[in-house]
Amino acid sequence: MDRIALVGGIELKGSIPISGAKNSALKLQAASLLTQEPLVLTNMPELADTRFMIELLEQLGVTCFWPKGSGRLSMHAEDLTSTIAPYDLVRKMRATFNVLGPLLARVGHATVSLPGGCAIGARPVDLHLKAFEAMGADIVIEGGYVKAAALRGLKGAKIIFPFVSVGATEHALLAATLAKGETVLENAAREPEISDIANCLLAMGAKIEGIGSSTLRIQGVDELTGARWSVIPDRIEAGSYACCVAAAGGEVTLTNMVPETISSLIDVLQRAGVDVVVGEDWVKITRDPHKPIKSVDIDTQPYPGFPTDTQAQVMALMTRANGASIFRENIFENRYMHAPELRRLGADISVRGSEAVVRGVETLRGAPVMATDLRASVSLIIAGLMAEGETIISRVYHLDRGFERLEAKLSGCGANIRRISGSED
Ligand code: UD1
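Quick caveat, the model's predicted, so the values are computed rather than measured.

So, on to the sheet that holds strand β17 (residues 283-287). Spatially, 4 strands are ordered β2-β15-β17-β16 in an open sheet, and the strand pairing comes out mixed. Looking at strand neighbours, the two that pair on one side only are β2 (12-17) and β16 (275-278), the edges of this open sheet. Going from strand to strand, the sheet's axes swing by 10° on average, the running direction of each strand aside. Taken together, the 6 bridges between β2 and strand β15 (residues 250-255) define a ladder with parallel strand orientation. Bridging from a neighbouring strand, S15 pairs with T253 of β15. Packing of helix α8 (residues 235-248) onto the sheet brings it into contact with β2, β15 and β17, and relative to β15 it is tilted by some 170°. Packing against the sheet, helix α9 (residues 263-271) makes contact with β16 and β17, and its axis sits at approximately 145° to β16.

A separate point is the domain arrangement of the chain. Its domain assignment divides the chain into domain 1 (27-230) and domain 2 (233-394). Distance between the C-alpha centres of domain 1 and domain 2: 31 Å.

A few words on the layout of surface pockets. The space that makes up the second largest pocket amounts to roughly 480 Å³. Considering the residues around the second largest pocket, the lining is formed by 25 residues, among which R287, P289, R320, E362 and M386 are closest to the centre. Among the elements of the structure, α8, β20 (321-322) and α12 (374-386) are those that each provide at least two residues to the lining of the second largest pocket.

With that settled, consider the sheet that holds strand β24 (residues 368-370). Spatially, the 4 strands line up as an open sheet ordered β24-β25-β1-β26, and their pairing is mixed. Bordering the open sheet on either side are β24 and β26 (416-420), each of which pairs with just one other strand. On average, each strand axis in the sheet is tilted by 20° relative to the strand beside it, whichever way the strands run.

Before going further, it helps to examine helix α1 (residues 22-31). Buried residues dominate α1, accounting for 9 of its 10 residues. Taken together, the buried positions of α1 are K22, S24, A25, L26, K27, L28, Q29, A30 and A31.

Applying the stated criterion across every chain, the model contains 22 salt bridges. Of the charged contacts, one joins E251 and K284 as a salt bridge, the two residues approaching to 3.9 Å between their closest N and O atoms. Taken together, the positions of E251 in strand β15 and K284 in strand β17 put the pair 33 residues apart, joining distant regions of the chain. For E251, a relative accessible area of 36% corresponds to the partly exposed category. Exposure remark for K284: the relative accessible area of 26% places this residue in the partly exposed category. Linking D309 and R375 is a salt bridge whose minimum nitrogen-to-oxygen distance equals 3.9 Å. A residue pair is termed long-range when its members are at least 10 positions apart, and D309 in the loop between β19 (298-299) and α10 (311-318) and R375 in helix α12 qualify at 66 residues.

Inspection of the sheet shows β15 paired to β17 by 5 bridges, in the antiparallel sense. Residue pairing for β17: T253 is matched across the bridge by K284.

The next thing to look at is the side chain of T308. With respect to the helices, strands and loops of the structure, T308 is situated in the loop between β19 and α10. Here the side chain of T308 touches R335 through a polar contact of 2.7 Å, side chain to side chain. Apart from the residues lying within four places of it in its own chain, the contact partners of T308 are T300, E329, I331, F332 and R335.

For the structure shown, the criterion picks out 3 cavities of 30 Å³ or more. What lines the largest cavity is simply R235, I236, G239, T261, I262, S264, L265, P307 and T310. Breaking the lining of the largest cavity down by element, the ones donating at least two residues are α8 and α9. Broken down by element, the lining of the largest cavity gets its largest block of residues, 3 residues, from α8. For the lining of the largest cavity, the residue count by class is 4 nonpolar, 4 polar and 1 charged. Roughly 40 Å³ of volume is contained in the second largest cavity. Residue lining of the second largest cavity: A21, K22, N23, E193, D234, R235, I236 and R375, and that is the complete set.

Looking along the chain, the bond that leaves Y303 and enters P304 is cis, with omega of 10°. Mapped onto the fold, P304 is located in the loop between β19 and α10. Even without being a glycine, N43 presents a positive backbone phi close to 55°. Looking at the element boundaries, N43 is found in the loop between β3 (38-42) and α2 (48-60). The exposure class assigned to N43 is partly exposed, which follows from its relative accessible area of 24%. With a phi angle near 55°, N256 is a residue other than glycine that sits in the positive phi range. A relative accessible area of 35% places N256 in the partly exposed class.

About the thresholds
- Residues numbered from 1 in each chain as written.
- Predicted model: local features only at pLDDT ≥ 70, side-chain atom pairs only at ≥ 80, totals over all residues.
- Heavy atoms only, no water.
- Pairing = 2+ DSSP bridges.
- Helix = DSSP H or I, 4+ residues; strand = E, 2+ residues; numbered from the N terminus.
- Axes fitted to C-alpha atoms, helices over the stretch in contact; angles between N-to-C directions.
- Contact = heavy atoms within 4.5 Å.
- Domains from an automatic or database assignment.
- 1 Å grid on protein atoms, 1.4 Å probe; cavity = no way out; pocket = protein on both sides within 12 Å on 5 of 7 lines; lining within 4 Å.
- Points joined across faces, edges and corners; volume = space filled by probe spheres on them.
- Buried < 20%, exposed > 50% of the residue type's maximum accessible area, 1.4 Å probe, protein only.
- Salt bridge = Lys/Arg side-chain N within 4 Å of Asp/Glu carboxyl O.
- Polar contact = N/O pair within 3.5 Å; in protein donor to acceptor, adjacent residues only side chain to side chain.
- Nonpolar A, V, L, I, M, F, W, Y, C, P; charged D, E, K, R; others polar.

What follows is the structure, given as structure tokens:
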């Protein structure tokens, strides 16, 4: 397994282009199952997760064409040859579960393994399944598989989510586009990726109102057409690099991004004493590395609140702050796995349940650490950029799931970072 070695204490200077959003791309890939015509996605991030979704789509009979380095993925689900998503493919990545709804909506039945993914909590799929039941599907769970059938098609329904779920909102939205009649999703998640998916579905001929709000109204149509769609830039990737620059110091412009999607993070960085200049599709982050970082408290919330997916990154930054920061993780119950690894570098972090207290220290020192999940792994990079000496991160396959060309993007700004291929875990 690959490892990453980086030497801290070097300011970053330059610009970093932001890639397409993984969390949108994966669900847009699933949307290709809804139509017999080709769906072409541009600004596609080349990641382990998006490649993995292609593997599953091909298994279902979708013809995929993705010239390397083109950022353009064409998916053509003219004739589906299978409606079964096997355990081996679904256990590795939770988002593959989202083929269930499109298959059910288009073909009337599907058998999909219960999902896996990052080990950041229980992450059940009960809300997804309740939504499909409300739309008239019969659902049985047998031998680790969800078997769903709606042989006469899904029908529109009013679905009130008891709490906000990104995955369940997206999944119900995809399926509702081909249901008979109107579906209303209340207490829907409002993440920018959901608006991106909804807008792509509009381009495919779906009828959706309320995009960007917590109530989505979908009028089912008989069929959807193909479309060409550019994946929204990745706000989590942008936020992660913003934290890298804040940590290392220097001046970096993040380009090809949507600044308003990281507003809550910009606010946190400014309160921490980092200079942020916002342009139309770029953000410039500047910090004098000799100037102290001010401590800021973090409360994760659904969008537009502070994202759980950048909690670990800001925690890494706060390990060197002046004073203490209190973190409250409100979305996932087990999302401080990075804390013990950050402690290996000298951070002072105590975790009690959903709360963590980070007391800033003078110095972090490089050490061998282990990536535990996707976003946690980038927090170790951020801490490593501030640490004295060399940090070696193992299990970087977590990083490869969600960050395109990370070492190239950081070394392009002067970071001393390299990949050590095929080394011991
Ligand atoms: C998505 C993102 C993930 C992000 C998360 C929250 C993708 C591929 N992943 O994950 O990066 O951290 O949103 O912004 O887009 N829950 C249930 N029952 C359900 C569904 C969810 O109890 O049926 C719970 C989860 O365990 C979690 C909370 O609801 O505690 C929110 O999860 P959800 O918003 O669904 O996250 P994901 O879609 O899994």
